[in-house]
Amino acid sequence: MADTKPATQTPARFQDLGLSKIMLASLEQAGYQQPTPIQAGLIPKALDGLDVVGQAQTGTGKTAAFVIPILEQLMSPKQAPGVQALILVPTRELAVQVRGEVEKLSAGRRIHCVALYGGKPIRGQIEKLRRGTQVVVGTPGRVLDHIGRRTLVLDDVWCVVLDEADRMLDIGFRPDIEKILRRCPNDRQTLLLSATVPPPIERLAQRYMFEPESLNFSPTEISVETIEQFYFTVDAIRKFDLLVRLLEREQPRQAIIFCRTKRGTQKIYERLAKRMPSVDCIHGDLQQSARDRVMSAFREGKLQLLVATDVVGRGIDVSGISHIINFDTPQFCDDYVHRVGRTGRMGREGVAYTFVTTEEGGELTRIEQRINRLLKRDEMPGFEATAPPTPIVTPATALGQPAVEKPQPPANLARRPPRRHRRAL
Ligand code: AMP
(Lines give C-alpha, C1' and ligand atoms only; values in the text may rest on other atoms or scores of the structure.)
Protein backbone atom coordinates (compact mmCIF):
# COMPACT_ATOMS: atom_id res chain seq x y z
CA MET A 1 0.00 0.00 0.00
CA ALA A 2 1.48 3.34 -0.99
CA ASP A 3 1.20 5.76 1.91
CA THR A 4 0.10 9.26 1.06
CA LYS A 5 0.72 11.88 3.70
CA PRO A 6 -2.11 14.27 4.46
CA ALA A 7 -2.60 17.13 2.10
CA THR A 8 -1.57 20.23 3.99
CA GLN A 9 -3.59 22.51 1.73
CA THR A 10 -7.33 22.14 2.00
CA PRO A 11 -9.14 23.28 -1.14
CA ALA A 12 -11.21 26.30 -0.32
CA ARG A 13 -14.42 24.97 -1.78
CA PHE A 14 -16.48 21.82 -2.19
CA GLN A 15 -17.04 23.02 -5.76
CA ASP A 16 -13.44 22.01 -6.53
CA LEU A 17 -14.23 18.36 -5.82
CA GLY A 18 -16.50 17.87 -8.82
CA LEU A 19 -19.72 17.40 -6.86
CA SER A 20 -23.24 17.70 -8.24
CA LYS A 21 -25.42 20.75 -7.68
CA ILE A 22 -27.79 18.81 -5.47
CA MET A 23 -24.90 17.70 -3.27
CA LEU A 24 -23.51 21.23 -3.05
CA ALA A 25 -26.96 22.38 -1.98
CA SER A 26 -27.18 19.80 0.81
CA LEU A 27 -23.69 20.68 1.99
CA GLU A 28 -24.72 24.29 2.19
CA GLN A 29 -27.87 23.34 4.05
CA ALA A 30 -25.78 21.27 6.48
CA GLY A 31 -23.56 24.32 7.08
CA TYR A 32 -20.43 22.65 5.70
CA GLN A 33 -18.58 25.55 4.11
CA GLN A 34 -15.27 23.93 3.38
CA PRO A 35 -14.07 20.36 2.96
CA THR A 36 -11.96 19.02 5.81
CA PRO A 37 -8.59 17.48 4.82
CA ILE A 38 -9.94 13.93 4.79
CA GLN A 39 -12.87 15.01 2.66
CA ALA A 40 -10.58 16.79 0.22
CA GLY A 41 -8.36 13.71 0.08
CA LEU A 42 -10.90 10.90 0.02
CA ILE A 43 -13.81 12.21 -2.04
CA PRO A 44 -12.01 12.49 -5.43
CA LYS A 45 -10.45 9.04 -5.03
CA ALA A 46 -13.72 7.46 -4.00
CA LEU A 47 -15.47 9.11 -6.96
CA ASP A 48 -12.83 7.55 -9.20
CA GLY A 49 -13.85 4.15 -7.90
CA LEU A 50 -10.60 3.46 -6.07
CA ASP A 51 -10.30 1.40 -2.91
CA VAL A 52 -8.92 3.58 -0.12
CA VAL A 53 -7.54 3.01 3.36
CA GLY A 54 -8.01 6.30 5.20
CA GLN A 55 -6.31 6.76 8.53
CA ALA A 56 -8.53 9.15 10.45
CA GLN A 57 -10.69 9.21 13.52
CA THR A 58 -14.07 10.75 14.19
CA GLY A 59 -14.03 14.49 14.54
CA THR A 60 -12.22 14.91 11.25
CA GLY A 61 -15.32 14.84 9.06
CA LYS A 62 -14.57 11.27 7.93
CA THR A 63 -18.23 10.22 7.83
CA ALA A 64 -19.12 12.81 5.21
CA ALA A 65 -15.92 11.88 3.38
CA PHE A 66 -17.37 8.47 2.50
CA VAL A 67 -21.08 9.39 2.56
CA ILE A 68 -20.70 12.11 -0.10
CA PRO A 69 -19.17 9.88 -2.82
CA ILE A 70 -21.68 7.13 -2.05
CA LEU A 71 -24.63 9.49 -2.46
CA GLU A 72 -23.12 10.92 -5.62
CA GLN A 73 -22.87 7.50 -7.26
CA LEU A 74 -26.08 5.79 -6.21
CA MET A 75 -28.07 4.36 -9.09
CA SER A 76 -31.83 4.62 -9.36
CA PRO A 77 -33.80 1.72 -7.84
CA LYS A 78 -34.75 0.68 -11.40
CA GLN A 79 -31.09 0.13 -12.28
CA ALA A 80 -30.26 -1.45 -8.94
CA PRO A 81 -33.26 -2.47 -6.86
CA GLY A 82 -31.24 -3.83 -3.92
CA VAL A 83 -28.94 -2.30 -1.34
CA GLN A 84 -26.06 -0.50 -3.08
CA ALA A 85 -23.86 0.66 -0.23
CA LEU A 86 -23.09 -1.13 3.01
CA ILE A 87 -21.40 0.72 5.86
CA LEU A 88 -20.13 -1.42 8.73
CA VAL A 89 -19.52 0.28 12.08
CA PRO A 90 -18.49 -1.04 15.52
CA THR A 91 -21.31 0.33 17.70
CA ARG A 92 -25.00 1.13 17.69
CA GLU A 93 -24.33 4.76 18.52
CA LEU A 94 -22.08 5.12 15.52
CA ALA A 95 -24.66 3.39 13.29
CA VAL A 96 -27.27 5.95 14.32
CA GLN A 97 -24.81 8.79 13.85
CA VAL A 98 -23.76 7.67 10.37
CA ARG A 99 -27.38 7.19 9.33
CA GLY A 100 -28.00 10.76 10.53
CA GLU A 101 -25.18 12.02 8.30
CA VAL A 102 -26.58 10.10 5.30
CA GLU A 103 -30.01 11.61 5.91
CA LYS A 104 -28.58 15.10 6.35
CA LEU A 105 -26.52 14.96 3.18
CA SER A 106 -29.21 13.33 1.03
CA ALA A 107 -31.63 16.23 1.41
CA GLY A 108 -33.55 16.63 -1.83
CA ARG A 109 -32.97 13.06 -3.02
CA ARG A 110 -35.23 10.09 -2.57
CA ILE A 111 -32.77 7.94 -0.73
CA HIS A 112 -33.53 5.46 2.02
CA CYS A 113 -30.99 4.51 4.63
CA VAL A 114 -31.59 1.84 7.26
CA ALA A 115 -29.52 1.31 10.41
CA LEU A 116 -29.18 -2.30 11.52
CA TYR A 117 -27.93 -2.91 15.03
CA GLY A 118 -28.65 -5.13 18.00
CA GLY A 119 -30.73 -4.11 20.99
CA LYS A 120 -33.68 -3.11 18.81
CA PRO A 121 -36.35 -5.58 17.68
CA ILE A 122 -35.37 -7.11 14.37
CA ARG A 123 -38.95 -6.97 13.00
CA GLY A 124 -38.94 -3.21 12.38
CA GLN A 125 -35.60 -3.46 10.59
CA ILE A 126 -36.89 -6.29 8.39
CA GLU A 127 -39.92 -4.20 7.47
CA LYS A 128 -37.72 -1.23 6.51
CA LEU A 129 -35.47 -3.45 4.41
CA ARG A 130 -38.50 -4.95 2.71
CA ARG A 131 -39.70 -1.51 1.64
CA GLY A 132 -36.43 -0.97 -0.23
CA THR A 133 -33.26 0.87 0.76
CA GLN A 134 -30.13 1.98 -1.06
CA VAL A 135 -27.83 2.43 1.92
CA VAL A 136 -27.46 0.17 4.94
CA VAL A 137 -25.38 1.07 7.95
CA GLY A 138 -24.97 -1.52 10.64
CA THR A 139 -22.95 -3.42 13.16
CA PRO A 140 -21.43 -6.65 11.77
CA GLY A 141 -23.36 -9.03 14.06
CA ARG A 142 -26.79 -7.70 13.18
CA VAL A 143 -25.92 -7.34 9.49
CA LEU A 144 -24.89 -10.99 9.43
CA ASP A 145 -28.10 -11.93 11.21
CA HIS A 146 -30.11 -10.27 8.41
CA ILE A 147 -27.99 -11.94 5.74
CA GLY A 148 -28.69 -15.32 7.38
CA ARG A 149 -32.43 -14.60 7.35
CA ARG A 150 -32.23 -13.50 3.72
CA THR A 151 -33.77 -10.18 4.74
CA LEU A 152 -30.60 -8.45 3.51
CA VAL A 153 -29.24 -9.38 0.09
CA LEU A 154 -25.95 -7.88 -1.01
CA ASP A 155 -25.94 -8.74 -4.72
CA ASP A 156 -26.29 -5.08 -5.80
CA VAL A 157 -23.72 -3.70 -3.38
CA TRP A 158 -21.02 -1.72 -5.18
CA CYS A 159 -19.52 0.04 -2.17
CA VAL A 160 -18.59 -1.31 1.25
CA VAL A 161 -17.26 0.97 3.98
CA LEU A 162 -15.46 -0.41 7.02
CA ASP A 163 -15.70 2.48 9.46
CA GLU A 164 -13.49 2.48 12.57
CA ALA A 165 -12.04 -0.79 11.31
CA ASP A 166 -9.45 -1.02 14.09
CA ARG A 167 -12.20 -0.82 16.66
CA MET A 168 -14.24 -3.49 14.90
CA LEU A 169 -11.26 -5.82 15.01
CA ASP A 170 -10.54 -4.92 18.67
CA ILE A 171 -13.99 -6.03 19.72
CA GLY A 172 -13.78 -9.27 17.81
CA PHE A 173 -15.80 -8.53 14.67
CA ARG A 174 -13.14 -9.82 12.29
CA PRO A 175 -14.83 -13.16 11.46
CA ASP A 176 -18.19 -11.45 10.93
CA ILE A 177 -16.62 -8.78 8.72
CA GLU A 178 -14.90 -11.42 6.61
CA LYS A 179 -18.12 -13.37 6.20
CA ILE A 180 -19.94 -10.23 5.12
CA LEU A 181 -17.20 -9.19 2.67
CA ARG A 182 -17.29 -12.62 1.09
CA ARG A 183 -21.00 -12.16 0.44
CA CYS A 184 -20.45 -8.88 -1.43
CA PRO A 185 -19.71 -8.77 -5.17
CA ASN A 186 -15.98 -9.02 -5.96
CA ASP A 187 -15.91 -5.94 -8.13
CA ARG A 188 -17.21 -3.70 -5.36
CA GLN A 189 -15.38 -0.65 -4.09
CA THR A 190 -14.10 -0.90 -0.50
CA LEU A 191 -13.28 2.08 1.68
CA LEU A 192 -11.64 1.41 5.03
CA LEU A 193 -11.45 4.07 7.72
CA SER A 194 -9.40 3.51 10.82
CA ALA A 195 -7.74 5.63 13.49
CA THR A 196 -4.73 3.36 13.32
CA VAL A 197 -3.46 0.91 10.74
CA PRO A 198 -1.79 -1.90 12.68
CA PRO A 199 -0.74 -5.11 10.86
CA PRO A 200 -4.14 -6.87 11.24
CA ILE A 201 -5.81 -3.97 9.43
CA GLU A 202 -3.17 -4.06 6.70
CA ARG A 203 -3.79 -7.76 6.25
CA LEU A 204 -7.54 -7.22 6.05
CA ALA A 205 -6.94 -4.54 3.41
CA GLN A 206 -4.58 -6.76 1.42
CA ARG A 207 -6.99 -9.63 1.49
CA TYR A 208 -10.25 -7.89 0.77
CA MET A 209 -9.39 -4.69 -1.07
CA PHE A 210 -8.25 -4.06 -4.60
CA GLU A 211 -4.91 -2.23 -4.82
CA PRO A 212 -5.96 0.14 -2.02
CA GLU A 213 -4.53 3.63 -1.84
CA SER A 214 -3.58 4.80 1.58
CA LEU A 215 -4.36 8.26 2.94
CA ASN A 216 -2.91 9.21 6.27
CA PHE A 217 -4.76 11.68 8.46
CA SER A 218 -3.41 10.19 11.63
CA PRO A 219 -5.06 11.06 14.92
CA THR A 220 -1.90 12.02 16.74
CA GLU A 221 -1.80 15.21 14.75
CA ILE A 222 -5.26 16.11 15.97
CA SER A 223 -4.36 15.43 19.58
CA VAL A 224 -1.09 17.30 19.29
CA GLU A 225 -2.56 20.36 17.72
CA THR A 226 -5.69 21.08 19.65
CA ILE A 227 -5.84 19.01 22.82
CA GLU A 228 -3.94 19.70 26.01
CA GLN A 229 -3.16 16.45 27.77
CA PHE A 230 -2.32 16.07 31.45
CA TYR A 231 -1.96 13.27 33.93
CA PHE A 232 -2.34 13.01 37.69
CA THR A 233 -0.61 10.41 39.79
CA VAL A 234 -3.05 9.28 42.43
CA ASP A 235 -3.63 6.37 44.77
CA ALA A 236 -6.38 4.10 43.47
CA ILE A 237 -8.65 4.66 46.48
CA ARG A 238 -8.46 8.45 46.12
CA LYS A 239 -9.39 8.60 42.45
CA PHE A 240 -13.04 9.39 43.08
CA ASP A 241 -12.25 12.29 45.43
CA LEU A 242 -9.75 13.60 42.88
CA LEU A 243 -12.43 13.42 40.21
CA VAL A 244 -14.80 15.55 42.27
CA ARG A 245 -12.08 18.11 43.03
CA LEU A 246 -11.01 18.25 39.39
CA LEU A 247 -14.58 18.81 38.21
CA GLU A 248 -14.98 21.57 40.79
CA ARG A 249 -11.73 23.17 39.67
CA GLU A 250 -12.35 22.87 35.94
CA GLN A 251 -16.11 23.54 35.74
CA PRO A 252 -16.25 21.81 32.33
CA ARG A 253 -18.81 22.84 29.75
CA GLN A 254 -19.29 19.15 28.97
CA ALA A 255 -17.10 16.23 30.02
CA ILE A 256 -16.87 12.52 29.43
CA ILE A 257 -15.43 10.47 32.27
CA PHE A 258 -14.07 7.19 30.91
CA CYS A 259 -13.97 4.04 33.02
CA ARG A 260 -12.74 0.62 32.00
CA THR A 261 -15.64 -1.63 32.98
CA LYS A 262 -19.41 -1.47 32.82
CA ARG A 263 -19.70 -2.02 36.57
CA GLY A 264 -17.10 0.60 37.32
CA THR A 265 -18.89 3.06 35.06
CA GLN A 266 -22.21 2.45 36.82
CA LYS A 267 -20.60 2.78 40.26
CA ILE A 268 -18.79 6.04 39.49
CA TYR A 269 -21.96 7.42 37.96
CA GLU A 270 -24.01 6.57 41.07
CA ARG A 271 -21.46 8.16 43.40
CA LEU A 272 -21.06 11.23 41.22
CA ALA A 273 -24.81 11.72 40.84
CA LYS A 274 -24.99 12.21 44.63
CA ARG A 275 -22.49 15.08 44.39
CA MET A 276 -23.16 16.78 41.05
CA PRO A 277 -26.38 17.91 39.37
CA SER A 278 -26.08 16.99 35.71
CA VAL A 279 -24.62 13.49 35.42
CA ASP A 280 -25.60 10.36 33.54
CA CYS A 281 -23.88 7.26 32.25
CA ILE A 282 -23.73 5.06 29.19
CA HIS A 283 -22.47 1.49 28.94
CA GLY A 284 -23.29 -1.78 27.27
CA ASP A 285 -25.51 -3.10 30.08
CA LEU A 286 -28.07 -0.35 29.60
CA GLN A 287 -31.12 -0.80 27.40
CA GLN A 288 -30.83 0.72 23.95
CA SER A 289 -33.66 3.17 24.71
CA ALA A 290 -31.79 4.43 27.81
CA ARG A 291 -28.59 4.81 25.80
CA ASP A 292 -30.42 6.74 23.09
CA ARG A 293 -32.03 9.03 25.67
CA VAL A 294 -28.70 9.77 27.39
CA MET A 295 -26.92 10.36 24.09
CA SER A 296 -29.48 12.83 22.83
CA ALA A 297 -29.48 14.72 26.15
CA PHE A 298 -25.69 14.93 25.93
CA ARG A 299 -25.71 15.94 22.28
CA GLU A 300 -28.27 18.67 22.98
CA GLY A 301 -26.12 20.01 25.80
CA LYS A 302 -28.77 19.23 28.46
CA LEU A 303 -26.36 16.89 30.19
CA GLN A 304 -23.01 18.12 31.46
CA LEU A 305 -21.19 15.01 32.66
CA LEU A 306 -21.25 11.60 31.02
CA VAL A 307 -19.60 8.56 32.58
CA ALA A 308 -18.86 6.02 29.82
CA THR A 309 -17.05 2.87 28.80
CA ASP A 310 -14.80 2.78 25.73
CA VAL A 311 -17.07 0.84 23.43
CA VAL A 312 -19.92 3.28 23.65
CA GLY A 313 -17.76 6.30 24.30
CA ARG A 314 -15.92 5.81 21.08
CA GLY A 315 -17.45 7.55 18.15
CA ILE A 316 -19.53 9.91 20.29
CA ASP A 317 -19.78 13.01 18.19
CA VAL A 318 -20.67 15.96 20.37
CA SER A 319 -19.03 19.22 19.55
CA GLY A 320 -19.43 20.82 23.00
CA ILE A 321 -17.16 18.43 24.90
CA SER A 322 -14.51 20.51 26.65
CA HIS A 323 -13.00 17.87 28.94
CA ILE A 324 -12.09 14.20 28.80
CA ILE A 325 -11.24 12.55 32.08
CA ASN A 326 -9.68 9.11 31.96
CA PHE A 327 -10.74 7.94 35.39
CA ASP A 328 -9.20 4.58 34.52
CA THR A 329 -6.32 4.34 32.09
CA PRO A 330 -7.53 2.70 28.89
CA GLN A 331 -6.86 -0.97 28.28
CA PHE A 332 -5.51 -0.36 24.79
CA CYS A 333 -3.37 2.60 23.76
CA ASP A 334 -5.59 3.21 20.78
CA ASP A 335 -8.50 3.71 23.13
CA TYR A 336 -6.60 6.62 24.62
CA VAL A 337 -6.44 8.26 21.21
CA HIS A 338 -10.13 7.63 20.65
CA ARG A 339 -11.14 8.87 24.08
CA VAL A 340 -9.11 12.03 23.84
CA GLY A 341 -10.35 12.58 20.30
CA ARG A 342 -13.86 13.14 21.73
CA THR A 343 -12.78 16.66 22.60
CA GLY A 344 -11.05 19.32 20.53
CA ARG A 345 -13.34 18.46 17.65
CA MET A 346 -13.36 20.41 14.44
CA GLY A 347 -10.48 22.55 15.69
CA ARG A 348 -12.09 23.54 19.01
CA GLU A 349 -9.97 23.53 22.12
CA GLY A 350 -10.12 20.62 24.52
CA VAL A 351 -8.31 19.23 27.50
CA ALA A 352 -7.77 15.67 28.67
CA TYR A 353 -6.78 14.39 32.12
CA THR A 354 -5.64 10.85 32.83
CA PHE A 355 -5.54 9.38 36.34
CA VAL A 356 -2.49 7.17 36.77
CA THR A 357 -1.95 5.03 39.85
CA THR A 358 1.51 4.10 41.05
CA GLU A 359 1.25 0.68 39.38
CA GLU A 360 0.32 2.19 36.04
CA GLY A 361 3.57 3.91 35.10
CA GLY A 362 4.01 1.45 32.24
CA GLU A 363 0.63 2.31 30.81
CA LEU A 364 1.44 6.02 30.90
CA THR A 365 4.66 5.33 29.00
CA ARG A 366 2.83 3.24 26.43
CA ILE A 367 0.31 6.02 25.86
CA GLU A 368 3.10 8.55 25.47
CA GLN A 369 4.85 6.33 22.95
CA ARG A 370 1.61 5.79 21.07
CA ILE A 371 0.95 9.51 20.68
CA ASN A 372 4.62 10.37 20.41
CA ARG A 373 4.27 13.07 23.01
CA LEU A 374 4.72 13.45 26.77
CA LEU A 375 1.68 14.15 28.89
CA LYS A 376 2.12 17.10 31.25
CA ARG A 377 1.96 16.40 34.95
CA ASP A 378 -0.78 18.17 36.89
CA GLU A 379 -1.17 18.26 40.64
CA MET A 380 -4.00 18.77 43.07
CA PRO A 381 -2.94 19.78 46.58
CA GLY A 382 -3.55 16.94 49.02
CA PHE A 383 -3.77 14.28 46.30
CA GLU A 384 -0.14 13.38 45.79
CA ALA A 385 0.31 9.63 45.32
CA THR A 386 2.45 7.82 47.86
CA ALA A 387 4.97 6.97 45.10
CA PRO A 388 5.34 8.29 41.54
CA PRO A 389 4.41 5.87 38.74
CA THR A 390 7.20 3.54 37.66
CA PRO A 391 7.95 4.00 33.98
CA ILE A 392 8.91 1.13 31.72
CA VAL A 393 11.57 1.27 29.06
CA THR A 394 10.53 -0.77 26.05
CA PRO A 395 10.90 -0.04 22.34
CA ALA A 396 7.71 1.54 21.01
CA THR A 397 7.44 -1.01 18.25
CA ALA A 398 7.12 -3.87 20.70
CA LEU A 399 4.40 -2.14 22.69
CA GLY A 400 0.66 -2.11 22.35
CA GLN A 401 0.73 -4.57 19.48
CA PRO A 402 -2.17 -6.95 19.26
CA ALA A 403 -1.54 -10.69 19.25
CA VAL A 404 0.10 -11.90 16.08
CA GLU A 405 -2.38 -13.44 13.70
CA LYS A 406 -1.70 -16.19 11.23
CA PRO A 407 -0.76 -14.74 7.84
CA GLN A 408 -3.49 -15.31 5.29
CA PRO A 409 -3.09 -15.68 1.56
CA PRO A 410 -4.40 -12.77 -0.51
CA ALA A 411 -7.97 -13.20 -1.64
CA ASN A 412 -8.46 -14.04 -5.23
CA LEU A 413 -10.11 -10.77 -6.16
CA ALA A 414 -10.97 -10.38 -9.79
CA ARG A 415 -9.24 -7.44 -11.45
CA ARG A 416 -11.77 -4.74 -11.80
CA PRO A 417 -12.32 -2.72 -14.93
CA PRO A 418 -12.00 1.05 -14.35
CA ARG A 419 -15.20 2.27 -12.76
CA ARG A 420 -17.34 4.76 -14.57
CA HIS A 421 -19.15 7.44 -12.65
CA ARG A 422 -22.57 6.34 -11.60
CA ARG A 423 -25.55 8.46 -12.21
CA ALA A 424 -26.75 10.32 -9.14
CA LEU A 425 -30.35 9.90 -8.11
P1 AMP B 1 -17.03 12.94 11.90
O2 AMP B 1 -15.54 13.00 11.90
O3 AMP B 1 -17.56 12.33 10.68
O4 AMP B 1 -17.54 12.30 13.16
O5 AMP B 1 -17.57 14.45 11.89
C6 AMP B 1 -17.45 15.33 12.99
C7 AMP B 1 -18.44 16.47 12.90
O8 AMP B 1 -18.06 17.38 11.90
C9 AMP B 1 -19.87 16.06 12.59
O10 AMP B 1 -20.73 16.75 13.47
C11 AMP B 1 -20.09 16.55 11.17
O12 AMP B 1 -21.45 16.89 10.97
C13 AMP B 1 -19.17 17.75 11.10
N14 AMP B 1 -18.62 18.02 9.76
C15 AMP B 1 -18.23 17.12 8.83
N16 AMP B 1 -17.72 17.72 7.74
C17 AMP B 1 -17.77 19.05 7.98
C18 AMP B 1 -17.38 20.21 7.23
N19 AMP B 1 -16.83 20.12 6.02
N20 AMP B 1 -17.61 21.42 7.79
C21 AMP B 1 -18.16 21.52 9.03
N22 AMP B 1 -18.55 20.47 9.79
C23 AMP B 1 -18.35 19.25 9.28
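Residues numbered from 1 in each chain as written. Predicted model: local features only at pLDDT ≥ 70, side-chain atom pairs only at ≥ 80, totals over all residues. Heavy atoms only, no water.

Colleague: Describe in detail the environment of Ser-278, supporting the description with residues and values.
Modeller: If you trace the backbone, Ser-278 turns up in the loop between helix H12 (262-275) and strand S11 (279-282). With sequence-adjacent residues up to four places away left out, Ser-278 is seen in contact with Lys-302, Leu-303, Gln-304 and Leu-305. (Helix = DSSP H or I, 4+ residues; strand = E, 2+ residues; numbered from the N terminus. Contact = heavy atoms within 4.5 Å.)

Colleague: Kindly report on the site of the ligand, identifying the contributing residues and their values.
Modeller: The ligand sits among 16 residues. The nearest are Tyr-32, Gln-39, Gly-59, Gly-61 and Thr-63. At 2.7 Å from a nitrogen atom of the ligand is found a main-chain nitrogen or oxygen belonging to Gln-34. The contact in question runs from an oxygen atom of the ligand to an N or O atom on the side chain of Lys-104, over 3.3 Å. Considered on its own, the ligand offers 500 Å² of accessible surface; in the complex 84% of this is hidden by protein. At the level of elements, helix H3 (62-73) and helix H4 (92-105) are the ones that each hand at least two residues to the shell around the ligand. Partitioning the shell around the ligand into residue classes produces three nonpolar, eight polar and five charged. Mapped onto the domain boundaries, the shell around the ligand takes at least three residues apiece from domain 1 (5-216) and domain 2 (227-377). (Near = heavy atom within 4 Å. Polar contact = N/O pair within 3.5 Å; in protein donor to acceptor, adjacent residues only side chain to side chain. Areas by Shrake-Rupley, 256 points an atom, 1.4 Å probe, with all protein chains shown as cover. Nonpolar A, V, L, I, M, F, W, Y, C, P; charged D, E, K, R; others polar. Domains from an automatic or database assignment.)

Colleague: Kindly report on the side chain of Gln-254, identifying the contributing residues and their values.
Modeller: Secondary-structure assignment places Gln-254 in the loop between helix H11 (239-250) and strand S10 (255-258). A distance of 2.8 Å separates a polar side-chain atom of Gln-254 from the backbone oxygen of Leu-303. Other than its neighbours up to four places away in sequence, Gln-254 contacts Phe-298, Gly-301, Leu-303, Gln-304, Val-318, Gly-320, Ile-321, Ser-322 and His-323.

Colleague: Explain the sheet that holds strand S15 (residues 376-377) to me, and be specific about the residues and the numbers.
Modeller: In spatial order, the strands read S11-S12-S10-S13-S14-S9-S15; together these seven strands make up an open sheet with parallel pairing. Lying at the two open borders of the sheet, with one neighbouring strand each, are S11 and S15. Where S10 and strand S13 (residues 323-326) come together, four bridges link them in parallel fashion. Paired with Ala-255 across the bridge in S13 is His-323. Helix-sheet contacts for H11 involve strand S9 (227-233), S10, strand S12 (305-308), S13 and strand S14 (350-356), and the interaxial angle to S14 is about 160 degrees. Along the sheet face, helix H13 (residues 288-299) touches S10, S11 and S12 and points at about 130 degrees away from the line of S11. (Pairing = 2+ DSSP bridges. Axes fitted to C-alpha atoms, helices over the stretch in contact; angles between N-to-C directions.)

Colleague: Pulling in residues and values, what's your account of the state of the cysteines?
Modeller: Here the structure, examined in full by the defined rule, presents zero disulfides. Lacking any disulfide linkage, Cys-184 is separated from the closest cysteine sulfur, that of Cys-159, by 10.0 Å. (Disulfide = S-S within 2.5 Å.)

Colleague: Describe unusual backbone geometry, and please don't skip the residues or the numbers.
Modeller: At Arg-150, a position not held by glycine, the phi torsion is positive, near 65 degrees. Relative to the assigned elements, Arg-150 resides in the loop between helix H6 (140-149) and strand S6 (159-162). Taking relative accessible area as the criterion, Arg-150 reaches 58% and is therefore assigned exposed. Backbone geometry places Glu-211, a non-glycine residue, at a positive phi of 40 degrees. Turning to its location among the elements, Glu-211 is positioned in the loop between helix H9 (199-208) and strand S8 (213-216). (Buried < 20%, exposed > 50% of the residue type's maximum accessible area, 1.4 Å probe, protein only.)

Colleague: Go over helix H15 (residues 333-340) with me, naming the residues and quoting the values.
Modeller: In terms of residue burial, H15 counts as a mostly covered element, since eight of its eight residues are buried. Listed as buried for H15 are Cys-333, Asp-334, Asp-335, Tyr-336, Val-337, His-338, Arg-339 and Val-340.

Colleague: How would you explain the environment of Glu-72 if you had to name every residue and give the values?
Modeller: In this fold, Glu-72 is placed in helix H3. Each C-alpha atom, one on Glu-72 and one on Ile-22, is 9.2 Å from the other, the two residues being 50 residues apart in sequence. A polar atom in the side chain of Glu-72 sits 2.6 Å from the backbone nitrogen of Ser-20.

Colleague: How would you sum up the pattern of salt bridges? Please name residues and give values.
Modeller: Side-chain pairing between opposite charges can occur once the charged atoms of the two side chains come close. A full pass over the atoms with the stated rule returns 24 salt bridges. Of the charged contacts, one joins Asp-16 and Arg-13 as a salt bridge, the two residues approaching to 3.6 Å between their closest N and O atoms. With a relative accessible area of 46%, Asp-16 lands in the partly exposed category. The partner of Glu-164 in a salt bridge is Lys-62, with the nearest N and O atoms 3.8 Å apart. Remark: Lys-62 occurs in helix H3 and Glu-164 occurs in the loop between S6 and helix H7 (165-170); sequence separation between them is 102 residues. Lys-62 matches Glu-164 in its accessibility class, with the two residues each being buried. (Salt bridge = Lys/Arg side-chain N within 4 Å of Asp/Glu carboxyl O.)

Colleague: Describe the packing of aromatic side chains, naming the residues involved and giving the relevant values.
Modeller: All told, the structure shown has four aromatic pairs when counted by the stated rule. Considering the side-chain rings of Phe-327 and Phe-355, the 5.9 Å spacing of their centres and the 55 degrees angle between planes classify their relative orientation as tilted. Taken as a pair, Phe-327 in the loop between S13 and H15 and Phe-355 in strand S14 lie far apart in primary sequence, 28 residues in all. Overall, the relative accessible area of 7% leaves Phe-327 in the buried class. Members of the aromatic cluster, connected to one another through ring pairs, are Phe-230, Phe-232, Phe-327, Tyr-353 and Phe-355. Note that Arg-238 overlies the ring of Phe-383, its terminal NZ or CZ placed 4.4 Å from the centroid. Stacked on the ring of Phe-240, the Lys or Arg Arg-271 has its end atom at 4.0 Å from the ring centre. (Phe/Tyr/Trp six-rings, centres within 6.5 Å; stacked < 30°, edge-to-face > 60°. Lys NZ or Arg CZ within 6 Å of the ring centre and 35° of its normal.)

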